[in-house]
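Report on the structure
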Amino acid sequence: MLARPTASEAEAHQLDEALPGHRELFHIPPADGGRYTETAYLAGNSLGLQPKATLAELTQDLSDWSRFGVEGHHDAVRPWFGYHRLLTEPAARLVGALPEETVVMNSLTVNLHLLMVSFYRPQGERTQIVIEDSAFPSDSYAVRSHVRFRGLDPDQAVIRLRPRPGEDCLRTEDVVDFLDRQGHTVALMLLGGVNYLTGELMDIPAITAAGHAAGATVGWDLAHAAGNVPLHLHDWDVDFAAWCSYKYLNSGPGALSGVFIHQRHVTDRGLQRLEGWWSTDAATRFRMEPVSQPPATADAWAISNPPILAMGPVRTSLELFDTVGMAALRARSEKLTGYLEGLLDAITHTRPLTLITPRDTQRRGAQLSLRVGRTSAADLARRLRHEHGVVADAREPDIIRLAPVPLYSTFHDCWRAADALAHSGPEER
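Residues numbered from 1 in each chain as written. Predicted model: local features only at pLDDT ≥ 70, side-chain atom pairs only at ≥ 80, totals over all residues. Heavy atoms only, no water.

**A few points about the overall build of the chain**
For the record, the criterion: A run of H or I in DSSP counts as a helix once it spans at least four residues, and a run of E counts as a strand once it spans at least two, with each numbered from the N terminus. For this measure, only C-alpha atoms enter the radius of gyration; the expected value for a globule follows 2.2 Å times N^0.38, where N is the number of residues. Partly exposed describes any residue whose relative accessible area lies between the buried limit of under 20% and the exposed limit of over 50%, with all areas from a 1.4 Å probe on protein chains only and scaled to the type maximum. All accessible areas in this document rest on Shrake-Rupley with a 1.4 Å probe, and a residue is counted as covered only by the protein chains that are shown. Note on charges: Lys and Arg go in the positive column, Asp and Glu in the negative column, and His and the chain ends are not counted at all. Charge positions come from single atoms, namely NZ of Lys, CZ of Arg, CG of Asp or CD of Glu.
When you go through the chain residue by residue, the secondary structure sums to 14 helices and 13 strands. Against the globule reference of 22 Å for 429 residues, the chain gives a C-alpha radius of gyration of 23 Å, in line with a compact fold. Relative to its full complement of 429 residues, the chain shows a buried share of 55%. Of the accessible surface of the chain, which amounts to about 17,800 Å², a share of 53% is contributed by carbon and sulfur atoms. Treating the 41 positive side-chain charges of the chain as one cloud and the 53 negative ones as another, the clouds have centres 3 Å apart.

Structure follows, in structure tokens:
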């Protein structure tokens, strides 16, 4: 007999009435199967949904281009010359930073490369970069290439921290213990704030402090953390961080990345970095001088003039986060994931589905990951979508990721996902 979620569908609707989100502000894709009109979209950790306000933002920028041509740099409704500064303060508020520590530019991995130029400085026995073993592949490729660029062997200089045998998530105490024992060899710690595979929220302040105590530089990939969990990067003394804006920040496929560089570094004139036209102070830019005069802000790491049509959706998104607030979103996120966890518990005890995300709400974001048995994760995700209208994210060979995003996901979405898994999952144990 198939296990069913213990809560009823009616109860899910009641919770949505009592604790509504902001679903009405987003375009919800139509269901591609099942008995509901709209998709139960639980893949916002991969690509966020489109805010309805985004079209008007893009339309305005396109209209200004058609109307003003090059003069739009100064005459557009939102002049292009300083457009990126419209994103600076809201991006800083989102991650707990000062405006001078923040800039929006490029894509995530490009920014990690630019940051490692400045912050990976191997010297003597301190040559290693530490990442988590389950780091997103792009991070792994990036750090290995920097090690090679410095003339070192990535198989020796890149350290991949693994969970304890039989466990899926890194323990903070194990990271700290590693730093106590081997920190003298570490040049750079570069971990994911929220692990993309397991959904584990790392203890960013504790690990940052331990890294600094060991003499290492500490940076964070916040692709799955920005817009997902509250962040206080300045107060946590993080050296640098970068994040994308197409997941929880809902700014569109391949959307721009944000960068944080601590205040003590942006004022360090001796710090090496790559430069371009946008690295020089805006007041001197059109003097066309051959030597850059970088400002004492994160803008000094910018390279090229910003892509205006890509910045509009980010501005729209950041305005939405300013309006709703991360504290309210985090509170709703904990309720949604807690509700979904309870529904999954009602079915996983009879089926080969295992929750690998920490059960402690303080150790996870808006994601629950399941290891599936005797089937491929991709096949299961296809059945969920085409037979039940539930969009989840698969990571082969055996992980399904469910992300109830607090801005637009509902308790009913969670109920539908659990109910679909009860009917689409592998055979009973």
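**Re unusual backbone geometry**
Note the cis peptide between Glu396 and Pro397, where omega equals 10°. With respect to the element layout, Pro397 can be found in the loop between strand E12 (393-395) and strand E13 (399-402). Positive phi, close to 55°, is recorded for Asn250, a residue that is not glycine. Considering the arrangement of structural elements, one finds Asn250 in the loop between strand E7 (240-244) and strand E8 (257-261). Even without being glycine, Met288 reaches a positive phi, approximately 60°. Counting through the fold element by element, Met288 comes out in the loop between helix H10 (263-266) and helix H11 (308-324).

**Quick word on the environment of Val175**
Using the following cut-off: Only heavy atoms matter for contacts: two residues are in contact if any of them lie within 4.5 Å across the pair.
For Val175, the location among the structural elements is in helix H8 (residues 172-182). With 45 residues separating them along the chain, Val175 and Val130 place their C-alpha atoms 10.0 Å apart. Ignoring any residue separated from it by four or fewer positions in sequence, one finds Val175 in contact with Leu161, Leu170, Met189, Met202 and Ile207.

**A few points about the packing of helix H12 (residues 326-348) against helix H14 (residues 411-424)**
Here is the rule we go by: Structural elements are reduced to axes, namely lines fitted to C-alpha atoms, with helices fitted over the stretch in contact, and the angle between N-to-C directions of any two is expressed from 0 to 180 degrees. Roughly parallel covers angles under 35 degrees, roughly antiparallel covers those over 145, roughly perpendicular covers 65 to 115, and oblique covers all other angles. Helix crossings are classified by the rotation of the near helix relative to the far one: an anticlockwise turn of less than a right angle makes the crossing left-handed, while a clockwise turn makes it right-handed. Amino acids are sorted into nonpolar (Ala, Val, Leu, Ile, Met, Phe, Trp, Tyr, Cys and Pro), charged (Asp, Glu, Lys and Arg) and polar (every other residue, Gly among them).
With their axes 9 Å apart at the nearest point, H12 and H14 run at an angle of 20° to one another. By the angle class used here, H12 and H14 are roughly parallel. Note on packing geometry: the crossing formed by H12 with H14 is right-handed. Across the interface between the two elements, Arg332, Lys335, Leu336, Tyr339, Leu340, Leu343, Leu344 and Ile347 of H12 pack against Phe411, Cys414, Trp415, Ala418, Leu421 and Ala422 of H14. Tallied by class, residues from the contact of H12 with H14 come to twelve nonpolar, no polar and two charged.

**Structural notes on the sheet that holds E7**
For the record, the criterion: Following DSSP output, two strands are said to pair if at least two bridges run between them.
One open sheet accounts for seven strands, arranged E2-E8-E7-E6-E5-E3-E4; its pairing is mixed. Two strands close off the open sheet at either side, each with one partner strand: strand E2 (102-105) and strand E4 (158-161). Geometrically, the sheet is characterised by an average inter-axis angle of 20° between neighbouring strands, direction not taken into account. Bridge count between strand E3 (residues 128-132) and E4: four bridges; the pairing is parallel.

**A short note on the pattern of salt bridges**
Where charged atoms from two side chains of opposite charge approach closely, those side chains can pair. Convention followed: The rule for a salt bridge is simple: a side-chain nitrogen of Lys or Arg has to be within 4 Å of a carboxyl oxygen of Asp or Glu.
One pass over the structure, following the stated rule, counts 30 salt bridges. Arg264 is the partner of Asp237 in a salt bridge, and the nearest nitrogen-oxygen pair spans 2.5 Å. Remark: Arg264 occurs in helix H10 and Asp237 occurs in the loop between strand E6 (217-221) and E7; sequence separation between them is 27 residues. Across the salt bridge formed by Arg359 and Asp345, the nearest N and O atoms sit 2.8 Å from each other. With Arg359 in the loop between strand E9 (353-355) and strand E10 (368-372) and Asp345 in helix H12, this pair connects stretches of sequence that are 14 residues apart. Salt bridges here are not isolated pairs; linked through shared partners, they connect Glu57, Asp61, Arg78, Arg315 and Glu319.

**Comments concerning the side chain of Asp221**
Test applied: Think of a polar contact as two N or O atoms within 3.5 Å of one another; within protein, one of them needs to be a possible hydrogen donor and the other a possible acceptor, and neighboring residues in sequence only count if both atoms come from side chains.
With respect to the helices and strands, the residue Asp221 is situated in strand E6. Buried within the structure, Asp221 lacks any salt-bridge partner; Lys247 is the closest side chain of opposite charge, at an N-O distance of 8.4 Å. Polar side-chain contacts of Asp221 include one of 2.9 Å to the backbone nitrogen of Ala223. Setting aside its immediate chain neighbours within four residues, Asp221 contacts Leu108, Leu112, Asp139, Leu190, Leu191, Gly192, Gly193 and Ala242.

**Focus: helix H2 (residues 53-68)**
Selection rule: Multiplying one less than the number of residues by 1.5 Å gives the expected span of a helix. Directions drawn from the helix axis to the C-beta atoms are what define this arc.
For H2, which comprises 16 residues, the first-to-last C-alpha distance of 23 Å matches the rise-based estimate of 22 Å (1.5 Å per residue) to within 8%. Looking only at H2, the buried set comprises Thr54, Glu57, Asp61 and Asp64. Angular distribution of buried residues about the axis of H2 spans 100°; they occupy a single face of the element. The exposed residues of H2 that point more than 90 degrees off its buried face are Leu55, Ala56, Ser66 and Arg67. Its buried side turned inward, H2 meets H11. Just beyond H2, the residue with positive phi is Gly69, at close to 60°.

**Concerning the packing of H2 against H11**
As a packed pair, H2 and H11 sit with axes 9 Å apart at the nearest point and diverge in direction by 145°. The two elements H2 and H11 cross, and the hand of that crossing is right-handed. Each of Ala53, Thr54, Glu57, Leu58, Asp61, Leu62 and Trp65 in H2 lies in contact with H11, whose residues at this interface are Ile308, Leu309, Gly312, Pro313, Arg315 and Thr316. Of the residues that constitute the contact of H2 with H11, the class distribution is seven nonpolar, three polar and three charged.

**Topic: the UniProt feature "binding site: pyridoxal 5'-phosphate" (unreviewed entry) in the chain**
Worth spelling out the cut-off: UniProt positions are given in the numbering used here, feature names are shortened, and annotations may be inferred rather than shown by experiment.
Here, UniProt's "binding site: pyridoxal 5'-phosphate" (unreviewed entry) annotation points to Leu108, Thr109, Phe136, Pro137, Ser138, Asp139, Asp221, His224, Tyr246, Trp277 and Asn305. What stands out for the annotated residues spanning 198 residues is how far apart their C-alpha atoms range, the widest pair being 31.1 Å apart. When residues no more than four places from it in sequence are discounted, the contact partners of Thr109 are Ser138 and Ala142. Mapped onto the elements, His224 comes out in the loop between E6 and E7. The exposure class of His224 is buried, given its relative accessible area of 5%. When neighbours within four sequence positions are excluded, His224 is seen to be in contact with Asn45, Val194, Tyr196, Lys247, Tyr248, Gln367 and Arg401.

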